[in-house]
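Here is what each chain is made of, one letter per residue.
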Amino acid sequence: MNITEVKGKQEPWRQQLAEFARANQQELAALDWGLRQERQNQEEILGIDMEPVPRFVCCSQEAIEQLNRQVNSLLQEVVGVVQNKNPEKEVTIIGIGPGQIKLIQFTPEPPPPVCFEQVGADVDTLLDRLEQRLREYVERG
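Along every chain, residues carry numbers that run from 1 in the direction the sequence is written. Only residues with pLDDT of at least 70 get local features here, since the model is predicted, and only at 80 or more are side-chain atom pairs given and counted; chain-wide, interface and lining totals rely on the full set of residues. Note: side-chain values were computed over all heavy atoms of the structure, leaving out hydrogens and water.

Participant: Describe the overall build of the chain, naming the residues involved and giving the relevant values.
Facilitator: A count of helices and strands for the chain gives six helices and five strands. With the radius of gyration taken over C-alpha atoms, the globule rule is written as 2.2 Å times the number of residues to the power 0.38. Radius of gyration (C-alpha) of the chain: 14 Å, near the 14 Å computed for a compact globule of 141 residues. Burial classification: accessible surface area is computed with a 1.4 Å probe over protein chains only, and a residue below 20% of its type maximum counts as buried, one above 50% as exposed, and the rest as partly exposed. A total of 141 residues make up the chain; the buried ones form 46% of that total. Look at the contacts in the chain between residues 6 or more apart in sequence, and 60% of them connect residues 24 or more apart. All accessible-area figures derive from a Shrake-Rupley calculation using a 1.4 Å probe, and residue coverage is judged against the displayed protein chains alone. Accessible area of the chain: about 7,500 Å², with a carbon and sulfur share of 44%. Secondary structure is summarised from DSSP: a helix means a run of H or I of at least four residues, a strand means a run of E of at least two, and numbering begins at the N terminus for each. We call two residues contacting when some pair of their heavy atoms lies within 4.5 Å.

Shown next as structure tokens:
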């Protein structure tokens, strides 16, 4: 798992998010693939907004590029990863916390399309299940 962070004070949510992603790789891959198929938009990235409560969001590539411009290209590495993602093989998630972001990228086994088939749940079910798990994970600290 490749994790890229914007420099700054280490916040607990970053580590919690990384651990959550490691523990839920197949379902996150299934969710990412399912959302991509449902929305038919290859330009969006799965995001996790940590405030006020953790929830999944979709981030447009354009919004990430605009944010990069606003912060004097501090997110250039993130932009590069987003632009060059291969959704059939890897999962890219942007964690959004208070004044910071965290990029999580991993290559699940099996690949995301197969994860979606194997999980056997629709996107709404996956969203509900993973959001609940994430909230519990963060509450436990």
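Following the structure, the description resumes.
Participant: Give a description of the packing of helix H3 (residues 61-70) against helix H4 (residues 76-83) that names residues and reports values.
Facilitator: For helices, the fitted line uses only the C-alpha atoms of the stretch in contact; every axis is such a line through C-alpha atoms, and the angle between N-to-C directions lies from 0 to 180 degrees. Following both chains from N to C, one finds H3 and H4 inclined at 160°, their axes separated by 9 Å at the closest point. Classified by the angle their axes make, H3 and H4 are roughly antiparallel. Seen from above, H3 lies across H4 with left-handed handedness. Side by side, H3 and H4 meet where Gln 61, Ile 64, Glu 65 and Asn 68 of the first sit next to Gln 76, Val 78, Val 79, Val 82 and Gln 83 of the second. Of the residues contributing to the contact of H3 with H4, the split by class is four nonpolar, four polar and one charged. Convention used here: angles under 35 degrees read as roughly parallel, angles over 145 as roughly antiparallel, angles from 65 to 115 as roughly perpendicular, and any remaining angle as oblique. When the near helix sits turned anticlockwise from the far one by under a right angle, the crossing is termed left-handed; a clockwise turn instead gives a right-handed crossing. Any residue outside Ala, Val, Leu, Ile, Met, Phe, Trp, Tyr, Cys, Pro, Asp, Glu, Lys and Arg is labelled polar, Gly included; the first ten of those are nonpolar and the last four are charged.

Participant: Lay out the side chain of Lys 102 in plain terms, naming residues and giving numbers.
Facilitator: Here Lys 102 shows up in strand S5 (residues 100-106). Counting of polar contacts relies on pairs of N or O atoms within 3.5 Å, with two restrictions inside protein: one atom must be capable of donating a hydrogen and the other of accepting it, and residues adjacent in sequence are counted only when both atoms are side-chain atoms. In this structure the side chain of Lys 102 is engaged in a polar contact, spanning 3.3 Å, whose partner is the backbone oxygen of Arg 14.

Participant: Got a sec to walk through unusual backbone geometry? Specific residues and values, please.
Facilitator: For residues other than glycine, phi is negative in most cases, and the peptide bonds are mostly trans. In the segment running from Glu 51 into Pro 52, the intervening peptide bond is cis, with an omega of 0°. Within the secondary structure, Pro 52 is located in the loop between strand S2 (44-49) and strand S3 (55-60). Cis peptide bonds are those with omega within 30 degrees of zero, and the linkage from Glu 109 to Pro 110 qualifies with 0°. With phi around 55°, Asn 72 is a residue other than glycine that occupies positive phi space.

Participant: How would you sum up the pairing of strand S4 (residues 91-97)? Please name residues and give values.
Facilitator: Counting buried positions along S4 gives six out of seven residues, so the element sits mostly inside the fold. Between any two strands, pairing holds if DSSP finds at least two bridges. In the sheet, S2 pairs with S4 via four bridges, with the strands oriented parallel. Counterpart to Ile 48 in the pairing with S4 is Gly 95. As judged from the seven bridges shared by S4 and S5, these two strands associate in the antiparallel manner. Within S5, the residue paired with Ile 96 across the bridge is Ile 101. If you look at the hairpin formed by S4 and S5, you'll find two residues sitting between the two strands, and Gly 99 has a positive phi there, around 75°.

Participant: Describe in detail the packing of helix H1 (residues 12-23) against helix H6 (residues 123-140), supporting the description with residues and values.
Facilitator: At a closest axis distance of 10 Å, the pairing of H1 and H6 adopts a crossing angle of 135°. By the angle class used here, H1 and H6 are oblique. The two elements H1 and H6 meet at a crossing, and its hand is right-handed. Contacts between H1 and H6 involve Gln 16, Leu 17, Glu 19 and Phe 20 from the first element and Leu 130, Arg 133, Leu 134, Tyr 137 and Val 138 from the second. Residues that form the contact of H1 with H6 fall into these classes: six nonpolar, one polar and two charged.

Participant: Break down H1 for me, with residues and values.
Facilitator: To estimate the expected span of a helix, subtract one from its residue number and multiply by 1.5 Å. Over its 12 residues, H1 runs 17 Å from end to end, which matches the ideal 16 Å to within 8%, given 1.5 Å per residue. If you check which residues of H1 are buried, you get Trp 13, Arg 14, Gln 16, Leu 17, Ala 18, Phe 20 and Ala 21.

It is worth stressing that arrangement in space is one thing and function is another; only the former is reported here.
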